[in-house]
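Descriptive structure summary
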Amino acid sequence: MPIALLKFPTDLLGDVFKLCDPFELYKLSKCSKRTQRSIMLGGRKNWKIRFNAGSSKKVYVNGLHYNYDKNEVVLYVDNLIYIFEKAAKPEDVFITEHVGRGRNHFQPEGYMSIQCPDIDLELFSNLLVTFGISIVDRLKIDFRSFESFSNIADILIGRNIEIKEFCVEEAETRKVIDAVNYMPLINQMNITQRFECQQRFLRRYNYQLDTFPNKIIINWSFWFNIDQLLNNRSARIKLWESKLSNQDINMFFEKWKKAGTFPNLRYLEIDSIKFDNKSPILEMIPPIEQKRPRIEIRDGRNVIEGITDAVQVTKDDGTVGYLRVELGTNPRLYFLVANPADTVRYRHGRSGMTCDLLQMPIALLKFPTDLLRDVFKFCDPFEL
Amino acid sequence: MSSTEQGTSSAAPAEPTTAPESAAAPEVPESFYYVHGKDKVVHKVSAGALQHSALIHGMISNLGYTEEQAKANPFPFENIDGDILQMVVDWCNQHKGKPTPPEDTNLPKQKEKLFDLVLAVNYLEIKELLTYCCKQVAMMVKGKSPEEIREIWMIPTDAEDEAAEKEAKKRAGKEAAGETAAAAGDAK
């Protein structure tokens, strides 16, 4: 028995939509523009979305687990996870399924899935609009269709949607001849945590990255010149296949040494065939290294970045950094800026490798007695 | 608890018959009120049952009617069909003084009446019944394709919406023109 839903008063429509799951709302949004506009009447949840376009492959997520990075859109809030997948057969389209157990750490409680005709930017933008999403947890795309990208960029920029992680997957270089047009749009996006570019660009253009998320990883970074490095405000930067030279890096360190510069920078890693032993970096001729135990930046128990056998360099304001430049077939620079709050320094003791927080005092005698005993168990007789 | 009788007007309702009270009758005599829908059939409902409806509860809470006054002044709900009001009254009686269980088996089952029932329940502000009804409406499209949803919820296509919008604009234009002409006529 059909029911003329759209004749319901607005608040009643909202009550019905509140009781529909995202898959029903998504299908409803496909019925007409009017229904798509109405869906928000059901109220706004803090939906987050991840979109992996392109080929499926295994990736490393948050330094924790291997995660199967499928071509899919994932919509989630709290413990509810809804996955939009591409249907293998036309007859499977819109079939939904509840999978009781997640396939990785991201889906510990299981998830719901729906088979869609296509997993593309159109679906992604449809979901962004339909659910009024304000945070994109991860957006992974390639540069094969500027028109599609431009459409989605309009929504992301126009609504100032936060994109925590933005990843450009590699496609054949000859298929992304207009890559230069993407950068101005990317620069207008609100990318906050991570920008990763695996795409190799054509060399005949200049590409400029003016967005500074917490972390930048560029696989083919020949275009990322010294000016871009000097103006960058990111915390962690990794540049592979760079064309930066000793002179460029020296210029960078001359600036870094001055107080107040690069306030966010914690880690820099550059791989460049132009690093050599011809000219100095901070008055040191590469290779720059010194036997020294490992130093790590940690977030709790997770290692964020680490550096071994580095030379200590000091900023005018007293901030300590650790620099290592290795030459050989794969010349590479590592630079870590220490912060007492999260940086640990390993040291070699009689009982093996131990680590401690840099310069971080701790009121040990305020520990309860049993805890003190536990700590003393790990000290060797000399320390005791 | 409830009873109905064909009434002729809201001002002079016929004496409704009363169903036998439940065995555990309250010590304080229960007050009753009377409601009728479009069909003028008057339903006698206890104040306890009517508490489910925020609208009616708000109306009666300060009235302090005597039995006679209540009988003489049934609440008219001219926008609600008689059979729908009957369903609502039945539900209120069944759930008098107790919350609705999550799986309520005493709920109206007539799917063909669902649209009118939802509107009536929404109007009468019966929260629990409204939630159930909305759930019923939402369940209608569970697992359906967009095309099936369009049919079940009678959703017009974009083209139909555009045509209806054009038509509405045209009608509004004509009405405005008519009003202007009438105003000009009046001025003459």
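Residues numbered from 1 in each chain as written. Chains lettered and ligands numbered in written order. Predicted model: local features only at pLDDT ≥ 70, side-chain atom pairs only at ≥ 80, totals over all residues. Heavy atoms only, no water.

An unreviewed UniProt entry annotates chain B as Skp1-related protein originating from Caenorhabditis nigoni. Within the UniProt record for chain B, the comment given under Pathway (unreviewed entry) is "Protein modification; protein ubiquitination." Listed in UniProt under the heading Sequence similarities (unreviewed entry), the comment for chain B reads: "Belongs to the SKP1 family." (UniProt positions renumbered as here; feature names shortened; annotations may be inferred.)

Going by the annotation in an unreviewed UniProt entry, the name recorded for chain A is F-box domain-containing protein, with Caenorhabditis nigoni given as the source organism.

The next point concerns the overall build of chain B. Looking only at helices and strands, chain B has 8 helices and 4 strands in total. For chain B, buried positions account for 38% of its 188 residues. Of the contacts formed within chain B by residues at least 6 apart in sequence, a portion of 61% connects residues at least 24 apart. A total accessible area of about 10,700 Å² is found for chain B, and carbon and sulfur atoms account for 55% of it. (Helix = DSSP H or I, 4+ residues; strand = E, 2+ residues; numbered from the N terminus. Buried < 20%, exposed > 50% of the residue type's maximum accessible area, 1.4 Å probe, protein only. Contact = heavy atoms within 4.5 Å. Areas by Shrake-Rupley, 256 points an atom, 1.4 Å probe, with all protein chains shown as cover.)

The subject of this paragraph is the packing of aromatic side chains. Residues and elements named next belong to chain A. Applying the stated criterion across every chain, the model contains 27 aromatic pairs over all chains. Pairing Tyr26 with Phe84 gives two aromatic rings, centres 5.3 Å apart and planes at 85°, and the pair type is edge-to-face. Here the residue Tyr26 occupies a position in helix H2 (residues 22–29), and Phe84 occupies one in strand S5 (residues 80–86), the gap between them amounting to 58 residues. Tyr26 sits in the buried class, given a relative accessible area of 1%. Ring centres of Trp47 and Phe131 lie 5.9 Å apart, and the angle between their planes is 65°; this geometry places the pair in the edge-to-face category. (Phe/Tyr/Trp six-rings, centres within 6.5 Å; stacked < 30°, edge-to-face > 60°.)

So, about the UniProt feature "domain: SKP1 component dimerisation" (unreviewed entry) in chain B. Within this structure's numbering, the places UniProt gives as "domain: SKP1 component dimerisation" (unreviewed entry) are residues 127–170 of chain B. Measuring from the first to the last C-alpha atom of residues 127–170 of chain B gives 39 Å, for a span that is 75% helix and 0% strand.

Per the UniProt record, the feature "domain: F-box" (unreviewed entry) sits at residues 2–50 and 361–384 of chain A. Within residues 2–50 of chain A, the helical portion is 47% and the strand portion 6%, while the C-alpha atoms at the span's ends are 35 Å from each other.

The subject of this paragraph is the UniProt feature "domain: SKP1 component POZ" (unreviewed entry) in chain B. The UniProt record annotates "domain: SKP1 component POZ" (unreviewed entry) at residues 38–96 of chain B. For residues 38–96 of chain B, the helix share is 51%, the strand share is 12%, and the end-to-end C-alpha distance is 24 Å.

Our focus in this paragraph is the side chain of Thr211(A). All names here are of chain A. Here Thr211 is to be found in the loop between strand S10 (190–197) and strand S11 (215–218). Thr211 gets classed as buried once you look at its relative accessible area, which sits at 6%. The residues touching Thr211, leaving out its near neighbours within four places in the chain, are Ile186, Asn187, Met189, Ile191 and Ile216.

On to the interface of chain A and chain B. With 27 residues of chain A in contact, the opposing surface of chain B contributes 32 residues. Contact with chain B buries area across many residues of chain A, yet Ile3(A), Leu19(A) and Cys31(A) alone supply 24% of it, more than any other trio. Here chain A is connected to chain B by 3 salt bridges. Inspection of the chain A/chain B interface yields 8 residue pairs in polar contact (both at pLDDT 80 or more). Of all the secondary structure elements, the ones that give two or more residues to the side of chain A that touches chain B are helix H1 (10–18), H2 and helix H3 (33–38) of chain A. The dominant element in the side of chain A that touches chain B, judged by the number of residues it contributes, is H1(A), at 5 residues. Broken down by class, the residue content of the side of chain A that touches chain B amounts to 16 nonpolar, 2 polar and 9 charged. (Buried area = accessible area lost by both parts, 1.4 Å probe. Salt bridge = Lys/Arg side-chain N within 4 Å of Asp/Glu carboxyl O. Polar contact = N/O pair within 3.5 Å; in protein donor to acceptor, adjacent residues only side chain to side chain. Nonpolar A, V, L, I, M, F, W, Y, C, P; charged D, E, K, R; others polar.)

For the rest of this paragraph, the subject is the pairing of S10(A). In the case of a regular strand, side chains alternate between the two sheet surfaces. Residue and element names in this part refer to chain A. Relative to S10, strand S9 (residues 162–168) is paired through 6 bridges, and the arrangement is parallel. Within S10, the position partnered with Cys167 by the bridge is Glu196. Assessed by its sense of winding, the connection that carries the chain from S9 through helix H6 (residues 179–188) to S10 is right-handed. Across 4 bridges, S10 lies against S11 in parallel orientation. (Pairing = 2+ DSSP bridges. Right-handed = clockwise from strand over helix to strand, strands pointing away.)

Looking now at the pairing of strand S14 (residues 295–299) of chain A. Residue and element names in this part refer to chain A. The pairing of S14 with strand S15 (residues 302–307) spans 5 bridges and is antiparallel. Residue pairing across strands places Ile297 opposite Glu305, the latter belonging to S15. Hairpin connection of S14 to S15: 2 residues between the antiparallel strands, including Gly300 at a positive phi of 65°.

Within the structure shown, the criterion is met by 24 salt bridges over all chains. With a closest N to O distance of 3.1 Å, Lys142(B) and Asp21(A) form a salt bridge. Of this pair, Lys142(B) sits in the loop between helix H6 (127–139) and helix H7 (146–152) while Asp21(A) sits in the loop between H1 and H2, placing the two residues on different chains. Here Asp21(A) falls in the buried class, since its relative accessible area comes to 13%. The exposure class assigned to Lys142(B) is partly exposed, which follows from its relative accessible area of 42%. Through salt bridges with shared partners, a single ionic network connects Lys215(A), Arg236(A), Lys238(A) and Glu305(A).

All names here are of chain B. Direction vectors running N to C along helix H5 (residues 114–124) and H6 enclose 150°, while the axes themselves pass 9 Å from each other. With respect to H6, the axis of H5 lies roughly antiparallel. The two elements H5 and H6 cross, and the hand of that crossing is left-handed. Together, Leu114, Leu117, Val118, Val121 and Asn122 of H5 and Leu129, Leu130, Cys133, Gln136 and Val137 of H6 make up the contact between the two elements. Each residue belonging to the contact of H5 with H6 can be placed in one class, and the counts come to 8 nonpolar, 2 polar and no charged. (Axes fitted to C-alpha atoms, helices over the stretch in contact; angles between N-to-C directions. Parallel < 35°, antiparallel > 145°, perpendicular 65-115°, else oblique. Left-handed = near helix turned anticlockwise from the far one by under 90°.)

This brings us to the nonpolar core. Counting 133 residues, the largest nonpolar core has Phe84(A), Phe166(A) and Trp153(B) as its most contacted members. Of the residues forming this core, the biggest block, 7 residues, is contributed by helix H4 (residues 82–94) of chain B. Counting 10 residues, the second-largest nonpolar core is a separate cluster that includes Tyr267(A), Ile307(A), Ala310(A) and Leu336(A). (Core = buried A, V, L, I, M, F, W, Y, C linked by side-chain atoms within 4.5 Å.)

Moving on, we get to the environment of Ile119(A). Residues and elements named next belong to chain A. Summarising the element assignment, Ile119 is placed in the loop between strand S7 (111–116) and helix H4 (121–130). Ile119 sits 47 residues away from Glu72 along the chain, and the two C-alpha atoms are 6.1 Å apart. When near neighbours in sequence (up to four residues on either side) are disregarded, Ile119 contacts Phe51, Asn71, Glu72, Val73, Phe84, Glu85 and Lys86.

With that out of the way, let us pick up a positive patch on the surface. Residue and element names in this part refer to chain A. Taken together, Arg200, Arg203, Lys243 and Lys274 make up a surface patch of like positive charges. The topology assignment puts Arg203 in the loop between S10 and S11. Given a relative accessible area of 53%, Arg203 falls into the exposed group. (Patch = residues over 30% accessible without salt bridge, like charges linked within 9 Å, V, L, I, M, F, W, Y side chains within 5 Å. Lys, Arg positive; Asp, Glu negative; His and termini not counted. Charge placed at Lys NZ, Arg CZ, Asp CG, Glu CD.)

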